Amino acid sequence: MYSSETLIAAYADEDRRLQEVVRQYPLARRGDRLRQEGLSLIQTLGHLAFWDIYAVSFYEARLADRAVAPMTFADFESRNRHELQRLYGLPFEQVREAYLTATRDLLAFLHRHWDDLDEQERTNFTIPLKHRRHHRHLLQEHLRGLSPAETAGAAAE
């Protein structure tokens, strides 16, 4: 079982790794969809923000009133698809800021409410961490497929 400090440190480390991948992405390729799942860098950041926002709002509601019903998988996927479509036309910095805000809110929630969560709820907060890691790996794979000339220019951008 994780302690709050261990889990928060793992999120911070994963965020640092993801931000490094973001910095390596060429500006012109941020909207490219990845081969495996069809999300672009921009959509990936928005998708992760959506997950984090949902997790925090769900558990805040549960802590206030334990009768909160979880969203069905179909409803969750529908809302996620809608969010991805909305994000596709937004500027990168706006989506990146939404991701950063959602990450800060998730970590703040864990700081404030760790002791209020039961063991299963604490374990559930490892899922968004694994989800984040999965998407970072997909982004890294996509980066490896780009030419060295493309990725070399990313730092300058």
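For the structure itself, consult the block above.
None of these values were measured; they are calculated from a predicted model.

Student: Tell me what's going on with the side chain of His-131, and back it up with residues and numbers.
Tutor: Locating His-131 in the fold gives a position in helix 6 (residues 126-144). Side-chain polar atoms of His-131 contact the side chain of His-47, separated by 2.9 Å.

Student: Can you break down the nonpolar core residue by residue, with the values?
Tutor: Counting residues in each nonpolar core, the largest one holds 20 residues, and the members touching the most others are Leu-18, Tyr-25, Leu-41, Leu-45, Phe-92, Tyr-99 and Leu-139. Sorting the residues of this core by element identifies helix 1 (4-24), helix 2 (41-64), helix 4 (92-113) and helix 6 as the ones contributing at least two each. With residues up to four places along the chain from it excluded, the contact list for Leu-41 reads Val-22, Tyr-25, Arg-30, Asp-32, Phe-92 and Leu-139. Within the second largest apolar cluster, 19 residues are counted, among which are Ile-8, Tyr-54, Leu-106 and Leu-107.

Student: Before we move on, could you go through the layout of surface pockets and cite the residues and values that matter?
Tutor: By volume, the largest pocket is sized at about 360 Å³. Among the elements of the structure, helix 2, helix 3 (73-88) and helix 6 are those that each provide at least two residues to the lining of the largest pocket. Here the lining of the largest pocket takes 5 residues from helix 2, the largest share from any one element. Residue composition of the lining of the largest pocket, by class: 12 nonpolar, 2 polar and 1 charged.

Student: Can you tell me about the environment of His-111, naming the residues and giving the values?
Tutor: Residue position: His-111 is located in helix 4. By relative accessible area, His-111 is classed as exposed at 60%. Distance from His-111 to Pro-26, taken between C-alpha atoms, is 35 Å for residues 85 residues apart in sequence.

Student: Give me the pattern of salt bridges: which residues, what numbers.
Tutor: Scanning all chains against the criterion turns up 11 salt bridges. The salt bridge partner of Glu-14 is Arg-133, with a shortest N-O separation of 3.4 Å. Of this pair, Glu-14 sits in helix 1 while Arg-133 sits in helix 6; the two residues are 119 residues apart in sequence, bridging distant segments of the chain. Arg-112 is paired through a salt bridge with Glu-60; the nearest N and O atoms lie 3.3 Å apart. Taken together, the residues Arg-112 in helix 4 and Glu-60 in helix 2 connect sequence positions 52 residues apart.

Student: Requested: an account of the side chain of Glu-14, with residues and values cited.
Tutor: For Glu-14, a relative accessible area of 1% corresponds to the buried category. When residues no more than four places from it in sequence are discounted, the contact partners of Glu-14 are Leu-129, Arg-132, Arg-133 and Arg-136.

Student: Can you explain the packing of aromatic side chains? Please cite residues and give values.
Tutor: For the structure on display, the rule yields 7 aromatic pairs. On the numbers, 5.0 Å between centres and 90° between planes, the contact of Phe-58 with Tyr-59 is edge-to-face. The pair formed by Phe-58 and Tyr-59 is uniform in burial state, with each residue classed as buried. Pairing Tyr-59 with Phe-125 gives two aromatic rings, centres 5.0 Å apart and planes at 45°, and the pair type is tilted.

Calculation notes
- Residues numbered from 1 in each chain as written.
- Predicted model: local features only at pLDDT ≥ 70, side-chain atom pairs only at ≥ 80, totals over all residues.
- Heavy atoms only, no water.
- Helix = DSSP H or I, 4+ residues; strand = E, 2+ residues; numbered from the N terminus.
- Polar contact = N/O pair within 3.5 Å; in protein donor to acceptor, adjacent residues only side chain to side chain.
- Core = buried A, V, L, I, M, F, W, Y, C linked by side-chain atoms within 4.5 Å.
- Buried < 20%, exposed > 50% of the residue type's maximum accessible area, 1.4 Å probe, protein only.
- Contact = heavy atoms within 4.5 Å.
- 1 Å grid on protein atoms, 1.4 Å probe; cavity = no way out; pocket = protein on both sides within 12 Å on 5 of 7 lines; lining within 4 Å.
- Points joined across faces, edges and corners; volume = space filled by probe spheres on them.
- Nonpolar A, V, L, I, M, F, W, Y, C, P; charged D, E, K, R; others polar.
- Salt bridge = Lys/Arg side-chain N within 4 Å of Asp/Glu carboxyl O.
- Phe/Tyr/Trp six-rings, centres within 6.5 Å; stacked < 30°, edge-to-face > 60°.

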